[in-house]
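Residue-level structural notes
So the chains spell out like this:
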Amino acid sequence: MNKMTVSRRSILKTGLKAGAAGLAASALPFGLARAQSPITLGAVYVGPRDDFGWNQAHAVAMDILKQVPGVTVIEEENVPETDAVAQSMESMINLDGANLILATSFGYYKPFVVETAKKYPDVQFRHAAPLWNADTDPKNAGSYFCYLNQAHYVDGVAAGLCTKSNKIGFVAAKPIPSVLSNINSVLLGAKSTNPDATVQVIFTGEWSLPVREAEAANALIDAGCDVITCHVDSPKVVIQTAESRGAKSCGHNASQAPLAPNGFITGAEYKWETIYKIYADDLAKGEELPNFIAGGYHNDMLRNTAYGAGATPEAMKAADAAIEGLKAKKPIYVGPLKDNKGNVVIEGTMDNYDPVLDGMNYLLEGVQGSIT
Amino acid sequence: MNHSELFIVLIAMIGGAIRVSTPFMFVALGETLTEKSGRINLGLEGNLVLGAMVAYAGSYTTGSAWLGVLMAGCSGLVLGAMHGYICKLPKVNDIAVGIAFMSFGTGLAFFFGKPYIQPLAPKLQAIPLGFWSSDPNIAQALQVNPLFFVGIALAIFMWWALANTRWGLIVRMTGDSAASARAMGVSVDLVRLLATAVGGFMAGVGGAFLSLYYPGSWNEGLSSGQGLMAVALVIFARWDPIKCVYAALLFGAAGALGPSLQSIGISQGYYFFNAAPYILTLFIMIASARSKSAAREVPGELSLAK
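These notes cover the structure that comes with them. Just so it is clear, the model here is predicted, and its values are computed rather than measured.

Side note on the overall build of chain B
Check the secondary structure of chain B and you find 14 helices and 2 strands. For chain B, the C-alpha radius of gyration of 20 Å lies close to 19 Å, the compact-globule estimate for 306 residues. Within chain B, the fraction of its 306 residues that count as buried is 55%. Sequence separation of 24 or more characterises 76% of the internal contacts of chain B that already satisfy a separation of 6 or more. One finds the centroid of the 17 positive side-chain charges in chain B at a distance of 8 Å from the centroid of its 12 negative side-chain charges.

Points about a nonpolar patch on the surface
All names here are of chain B. A contiguous nonpolar patch, built from Ile 127, Leu 129, Phe 131, Trp 132 and Phe 149 and spanning about 540 Å² of accessible area, is present on the exposed surface. Structurally, Phe 149 can be placed in helix α6 (residues 146–164). Assessed through its relative accessible area of 36%, Phe 149 is described here as partly exposed.

Some points on the sheet that holds strand β7 (residues 198–203) of chain A
Residues and elements named next belong to chain A. Strand order across the open sheet formed by 7 strands is β12-β10-β9-β8-β6-β7-β15, with mixed pairing between neighbours. Only two strands of the sheet have a single neighbouring strand rather than two, namely β12 (302–304) and β15 (367–368). Here 2 bridges tie β7 to β15, and the two strands are oriented parallel to one another. By the bridge assignment, Gln 200 is partnered in β15 with Gln 368. Relative to the sheet, helix α8 (residues 210–222) contacts β6 (167–172), β7 and β8 (227–231), its axis offset from that of β6 by approximately 165 degrees.

Description of the environment of Leu 302 of chain A
Residue and element names in this part refer to chain A. Position of Leu 302 among the secondary structure elements: in strand β12. Look at Leu 302 and you get buried, because its relative accessible area is 3%. Linking Leu 302 and Asn 253, residues 49 residues apart in sequence, is a C-alpha distance of 9.8 Å. Contacts of Leu 302, omitting those with residues within four sequence positions, involve Cys 146, Tyr 147, Leu 148, Gln 150, Ala 151, Glu 269, Tyr 270, Lys 271, Gly 296 and Tyr 297.

Definitions and limits used
Residues numbered from 1 in each chain as written. Chains lettered and ligands numbered in written order. Predicted model: local features only at pLDDT ≥ 70, side-chain atom pairs only at ≥ 80, totals over all residues. Heavy atoms only, no water. Helix = DSSP H or I, 4+ residues; strand = E, 2+ residues; numbered from the N terminus. Rg over C-alpha atoms; globule rule 2.2 N^0.38 Å. Buried < 20%, exposed > 50% of the residue type's maximum accessible area, 1.4 Å probe, protein only. Contact = heavy atoms within 4.5 Å. Lys, Arg positive; Asp, Glu negative; His and termini not counted. Charge placed at Lys NZ, Arg CZ, Asp CG, Glu CD. Patch = residues over 30% accessible without salt bridge, like charges linked within 9 Å, V, L, I, M, F, W, Y side chains within 5 Å. Areas by Shrake-Rupley, 256 points an atom, 1.4 Å probe, with all protein chains shown as cover. Salt bridge = Lys/Arg side-chain N within 4 Å of Asp/Glu carboxyl O. Pairing = 2+ DSSP bridges. Axes fitted to C-alpha atoms, helices over the stretch in contact; angles between N-to-C directions.

Structure representation (structure tokens):
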């Protein structure tokens, strides 16, 4: 049904354009055609917008944008990484008049965002992962990304002072660079305050598998970990399991503080609203949107969840100091660092935004676990 | 792997069997009853997900987890009865209806479940059977939910009742030969409708375990196909309620293998260990279905057997 209407509309649109060749709308540089009309942002989520995780982090930011005068926000949740996302984006453009599409899930980008961007050159597309390629991808598309590992580093700093067993448990989904960087950053953070601290990681193999996530959290606690953190789509189950076993916990993606009234320390959170406000402002002024935004603590794109009952006063003090350091771009990866197989993987000091780190494929010495 | 590490894995597998098996057990028992009456309800995944949602919502609004369990069962009963009624109509294929009901049940649960993702509902309490042990891991592994025992008792009751009661005989007869049941004056459609509805009730209760005990919260990825797997377990258990319990326990234990091996440091090849339950099921299925006597255990009226 939906597909049919959309394709008929696009045929009409193409026909009109051909007839009115040379008319301003299609000849203007991208992004300006609709600059005078009200700003409509369309966000597509892969899961429910209140999942205590990745999607909620985006939805919270969109809720803040709803308060900005002149900005209309439309959202669609549970959109799979298939042709369905192309249809959702097209209906947001054709039926709701969206000027900017925010595609928030990794698998949306190729081919769906790229193809739809080529089809609608007047509409802007931004995708939440560093995948945009200036040479091959359309100029009305782009990427935005935050280095969450900085906030995980802060988690580690606090966790190192909260653990009694010196073992921090990490429930991870898949061994991709951003997940590995979060694990390694927790380790380096913990080691900065507690040289004896180690991190034990269990990979579940999937982004959302609640029963196995609960099993993994239980197994880590059984193995002696007394602080649990994670990188899965929805950390709800992991945090709840840790709380019910009496372990402390650090969050991921969004605030999970209400789930663990006794053991929550702090959590790594995105501050997407900073980026979304930049987009909305640029659209309002009729300026070109930046194609690539990457951020972290130094440009106000991350935050740590307010400390919970699990955080000791020393941990809070150390974590606050770590945040100040990161705002001043203090490096996390200070070499020489070995991976957990004994090879030197980082020789010198790395800038927190060094592109080499985007290809991380190792776990550092001090992490128990394997990526294969 | 030294002695104490083997012990940790063993404890984790026993714990996993107890924690994870209950929903499989309930869905498999429900499906056994339905299939014994000669019909297949593939839609129990929908019952499981809807049951999980209704239980969480019920527990949240009434404040009583057990009332939530009952409401979950009733939601499953309604879905099962609808399946049973539609399959009664002429020229309707029960497998196709089942697939439709799977989507219907999950869709309904997602639609009405939205407001219940965030709030925290009262959960079912466990019985601490590991109180005698000073080892916290054993104590934790033996935290057993009452529904686990209800499931085992239900299996024993079903096994006894199917073999020894008049009702059990009628169910088996409609399942093996509808013609003889009609000759006896039994309404085949009514028996199947009731068997599907009661089977649906059980699957709904299984869903309540997911959202109210382990992992213990409502979200849309909660079941991740467990209801479908449990339907496969019925064939694996050769339509025997007692074997359903074994199958569910085995499946739970195998599922705990992946995480617990990683926790003792055997972290290479976790994708393989995570697939262990499915590989195991496949092998036992091949082994058990090959015997000549296996064919006799299939209810004769099942569209599988025809």
